[in-house]
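Reading the structure
Spelled out, the chains give:
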Amino acid sequence: MSGLPTLNSATVEVAGRNWLTAQLLMRGFEVSTPVVDRGVDLIVFKEVGEQGIRALPLQLKCASGESFSLDRKYAGRGIPLAYIWNVTALPLVFLMTYEEALDVLGAKAAASKSWTAGGKYAVTRVGSDLRQRLQPYEARWDWLAARLAVQPESGTA
């Protein structure tokens, strides 16, 4: 057998979600997976107090290689984005807000017809410039913990 079979996008998403779940659990986060995907792929949470929790939804973008995309439908939702690359080899994760993802895309992408007319943009060939803009967002576990820590606590009036 010569390597892994070609995987469809649903399989890559499951593999990426499972890899990220393992990474989060090893760092002390709790994780829940919504039964139905309505724009939230994972929920990261921590128990606080005797009966409360703090929870933060995540939107995942999983790829078997390297790609970067953004959709305007995520604007204003406050849901962090997790880009997981190289799911079948040595995975990497980039964690950021929608606004940070807009900055990563840059002015050229923001002026493109696909963004201005359709509200979507995708890069399937990641060059050194984009890779450099993404570097500060790689494996931001402390950033994610800080975002989670400021979420409202359940069970409080």
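Please refer to the structure placed before this passage.
Summary of the structure given here. (Residues numbered from 1 in each chain as written. Predicted model: local features only at pLDDT ≥ 70, side-chain atom pairs only at ≥ 80, totals over all residues. Heavy atoms only, no water.)

The next thing to look at is the overall build of the protein. Along its length, the protein carries five helices and seven strands. Start at the N end of the protein and walk to the C end: the helices and strands fall as α-β-β-β-β-β-β-α-α-β-α-α. A globule of 157 residues ought to have a C-alpha radius of gyration of about 15 Å, and the protein, at 16 Å, matches this closely. Each of the three principal axes of the protein carries a C-alpha extent, and together these read 50 × 45 × 30 Å. (Helix = DSSP H or I, 4+ residues; strand = E, 2+ residues; numbered from the N terminus. Rg over C-alpha atoms; globule rule 2.2 N^0.38 Å.)

Not every positive phi belongs to a glycine, and Asn86 is a case in point at roughly 55°. Along the chain, Asn86 falls in the loop between strand S5 (81–85) and strand S6 (92–96). Take Asn86: its relative accessible area is 17%, and that puts it in the buried class. Even without glycine at this site, Ala139 takes up a positive phi of about 50°. Tracing the sequence through the fold places Ala139 in the loop between helix H4 (128–134) and helix H5 (141–149). (Buried < 20%, exposed > 50% of the residue type's maximum accessible area, 1.4 Å probe, protein only.)

Here we come to helix H2 (residues 98–110). For H2, with 13 residues, the first-to-last C-alpha span of 13 Å runs short of the 18 Å given by 1.5 Å per residue. Of all the bends found along H2, the most pronounced is centred on Val104 and spans about 55°. (Expected span 1.5 Å × (residues − 1). Bend = angle between axes of the 7 residues up to and from the residue.)

All right, on to the sheet that holds strand S3 (residues 52–62) then. One open sheet holds the five strands; their spatial order is S1-S2-S3-S5-S6, and the pairing between them is mixed. The open sheet terminates on both sides in strands that have one partner only, identified here as strand S1 (30–32) and S6. Strand after strand, the sheet turns through a mean of 30° between neighbouring axes, direction not considered. The sheet contact formed by S3 and S5 spans four bridges and is parallel. Within S5, the residue paired with Lys61 across the bridge is Tyr83. Taken strand by strand, H2 contacts S5 and S6, and its axis lies near 115° from that of S6. (Pairing = 2+ DSSP bridges. Axes fitted to C-alpha atoms, helices over the stretch in contact; angles between N-to-C directions. Contact = heavy atoms within 4.5 Å.)

With respect to the helices and strands, Gly49 occurs in the loop between strand S2 (42–48) and S3. In the structure, Gly49 is positioned 105 residues away from Ser154 in sequence and 9.8 Å away in space, judged by C-alpha atoms.

Topologically, Ser112 is positioned in the loop between H2 and helix H3 (113–118). Residue classification places Ser112 among the buried positions, given a relative accessible area of 17%. Side-chain polar atoms of Ser112 contact the backbone oxygen of Ala109, separated by 2.7 Å. Within the local environment of Ser112, its side chain forms a polar contact with the side chain of Ser114, the two groups lying 3.3 Å apart. (Polar contact = N/O pair within 3.5 Å; in protein donor to acceptor, adjacent residues only side chain to side chain.)

Okay, the packing of aromatic side chains next. One pass over the structure, following the stated rule, counts two aromatic pairs. In this structure, Lys46 packs its charged tip against the face of Phe29, placed 5.2 Å from the ring centre. Looking at Arg72, its charged tip hangs above the ring of Trp115, at a distance of 4.6 Å from the centre. (Phe/Tyr/Trp six-rings, centres within 6.5 Å; stacked < 30°, edge-to-face > 60°. Lys NZ or Arg CZ within 6 Å of the ring centre and 35° of its normal.)

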